[in-house]
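Residues per chain are reported as follows:
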2 protein chains.
Amino acid sequence: MERSFQQTLGGGTAVAPADTRARVIRAAAELFAARGFAGTSISAIREASGTRSSSIYWEFGSKEGILAAVLEDAATRWHEHAFSEARRIDAECTADGPARLTAFLEALADALAARPEFLRLLLLLALERRDVDARSLQAIRNVRQRAVEDLAQFFIESGIAANLRPGLDLMELARGSLAFFDGSFIAAQIDPETTDLRRAFSLVRLGFAAFVRDTHHGGDDA
Amino acid sequence: MERSFQQTLGGGTAVAPADTRARVIRAAAELFAARGFAGTSISAIREASGTRSSSIYWEFGSKEGILAAVLEDAATRWHEHAFSEARRIDAECTADGPARLTAFLEALADALAARPEFLRLLLLLALERRDVDARSLQAIRNVRQRAVEDLAQFFIESGIAANLRPGLDLMELARGSLAFFDGSFIAAQIDPETTDLRRAFSLVRLGFAAFVRDTHHGGDDA
DNA sequence: TGTCTGCTGGAACGATCGTTCCATGCGGCG
DNA sequence: CGCCGCATGGAACGATCGTTCCAGCAGACA
């Protein structure tokens, strides 16, 4: 039987279950990101987390339950790590326009390079479980939608979106940027030694010059 | 025991094994692309291809052998389909510069949309089996490298690469384009109803305006 | 025609899969 | 202290996994 969905708030918890839960989620996230959902066995999660199968099933109910918990945890963790980190660096940036965009892109690339597990998990599961599980796919869609909105918000705040080409949607620009980020990240995963994520991300900045009307003062460094 | 690695050339083949081989490769390719390698069982391949396990193991030796054959077959098939198709349309195009680039990008997007299994297979396996099988990963790297070279070749022929910004490598531009293609394709896989691949690919054309010095005559349609 | 070789049909192998069961331990509460 | 309920340890479940074995059949070659 599965434990209640509520995370034992307030009431007297007998033994600390948070340890088990957190350890399983961490181990499962790494394994899922590395080998995929189908390629990860409960035994592997059990060994990596130092728990027993019965505890895992008590906490999560099924393998799908582990995946749901992992996705939920990773989504919040990712958002706190990557975007908040990029926004924090952005807040320190006094410049505006291209220079500010550069700092933001580099911060994003560094955050991705430092903790690649989440984006790996996201993309791998999106491809692997496309027609399998609607719930996990929806969770992935939500994370991506939020990333697009955050990007659009940054474009507005940094003044890039102020003078877009006519006929070019801001959301479309954000989606395109996200697509380029994803593709560059995958390229870095496939051959890591020949791909520099920071350098790749900086290409976006150059590309942006084509989408805004020329009002800023050039800024054409390499 | 596995059959000889050579594909029974010239010698008298008793019963036609090509049927079995082709059917297994086709079925396995679809299943791998949809569910991943670990998520696809021999039983599923056996049922989808209408063969028996013993025939599969006689032909391919192991599940890894199936994967190797699928990748090899898909690589050539992909290159014939997508890039040759795009080049064929390109050969019919009398224009040059941005218009020619547009036709090429749309042809590429259509080819991807018409047969998405291969790129799905490529990206899924690249993420799923990154630290598992070096051989299949190398095959994937080869396909991508060839795609980058083909892109670069097209950039040269269509006159786009003639006047690149200083400090910007042609190969880097081709790799960036490939990354954007991959990311857009994944976006189309995750939420197909809100993503138009042709439209997304056409963004590349706009972005290119930023990477070449302005010599052509504008060309700023939506 | 007889033999040889290539390939198939069908059953089976041990291992591992996800999952369940139950006895046991260990808190909090009366 | 004794009861209760959450959580664990350990063993086991049937199903399915990838793989193997072998008898049998159909052309090729003599």
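Refer to the preceding data block for the structure.
One structure accompanies this document, and this report is about it. (Residues numbered from 1 in each chain as written. Chains lettered and ligands numbered in written order. Predicted model: local features only at pLDDT ≥ 70, side-chain atom pairs only at ≥ 80, totals over all residues. Heavy atoms only, no water.)

Details of the packing of aromatic side chains
1) Next: Considering all chains together, one arrives at 10 aromatic pairs over all chains under this definition.
2) Next: Centre to centre, the rings of Phe181 of chain A and Phe201 of chain A are 4.5 Å apart; their planes meet at 20°, and the pair counts as stacked. Highlighted residues: Phe181 of chain A in helix α8 (residues 170-190) and Phe201 of chain A in helix α9 (residues 197-208), separated in sequence by 20 residues.
3) Next: With a relative accessible area of 0%, Phe201 of chain A lands in the buried category.
4) Next: By the ring-pair criterion, three or more aromatic residues cluster together here, those being Phe104, Phe154 and Phe155 of chain A.
5) Next: Lying over the aromatic face of Phe37 of chain A, Arg129 of chain A brings its terminal NZ or CZ to 4.1 Å of the ring centre.
6) Next: Above the plane of the ring of Phe37 of chain B lies Lys63 of chain B, whose end atom (NZ or CZ) is 4.4 Å from the centre. (Phe/Tyr/Trp six-rings, centres within 6.5 Å; stacked < 30°, edge-to-face > 60°. Helix = DSSP H or I, 4+ residues; strand = E, 2+ residues; numbered from the N terminus. Buried < 20%, exposed > 50% of the residue type's maximum accessible area, 1.4 Å probe, protein only. Lys NZ or Arg CZ within 6 Å of the ring centre and 35° of its normal.)

Some details on the environment of Glu72 of chain B
All names here are of chain B.
1) Next: Inspection of the secondary structure assignment puts Glu72 in helix α4 (residues 63-92).
2) Next: Judged by its relative accessible area of 56%, Glu72 falls in the exposed class.
3) Next: For the pair Glu72 and Ile140, spaced 68 residues apart in the sequence, the C-alpha separation amounts to 9.5 Å.

Structural notes on the protein's contact with DNA strand D
1) Next: Taken together, 16 residues form the shell around DNA strand D, and within it Thr20, Arg52 and Ser54 of chain A together with Ile42 and Tyr57 of chain B come nearest.
2) Next: Each atom of DNA strand D within 4 Å of the protein belongs either to a base or to sugar and phosphate, the latter forming 72%.
3) Next: Ser41 of chain B places a polar side-chain atom, nitrogen or oxygen, 3.1 Å from a phosphate oxygen of DNA strand D.
4) Next: One nitrogen or oxygen atom from the side chain of Tyr57 of chain B is found 2.7 Å from a phosphate oxygen belonging to DNA strand D.
5) Next: Mapped onto the surface near DNA strand D, the elements with two or more residues apiece are α1 (17-35) and α3 (53-60) of chain A together with α2 (42-49) and α3 (53-60) of chain B.
6) Next: Top contributing element to the surface near DNA strand D by residue count: α3 of chain A, with 3 residues.
7) Next: Class assignment of the residues belonging to the surface near DNA strand D gives a composition of 5 nonpolar, 9 polar and 2 charged. (Near = heavy atom within 4 Å. Polar contact = N/O pair within 3.5 Å; in protein donor to acceptor, adjacent residues only side chain to side chain. Nonpolar A, V, L, I, M, F, W, Y, C, P; charged D, E, K, R; others polar.)

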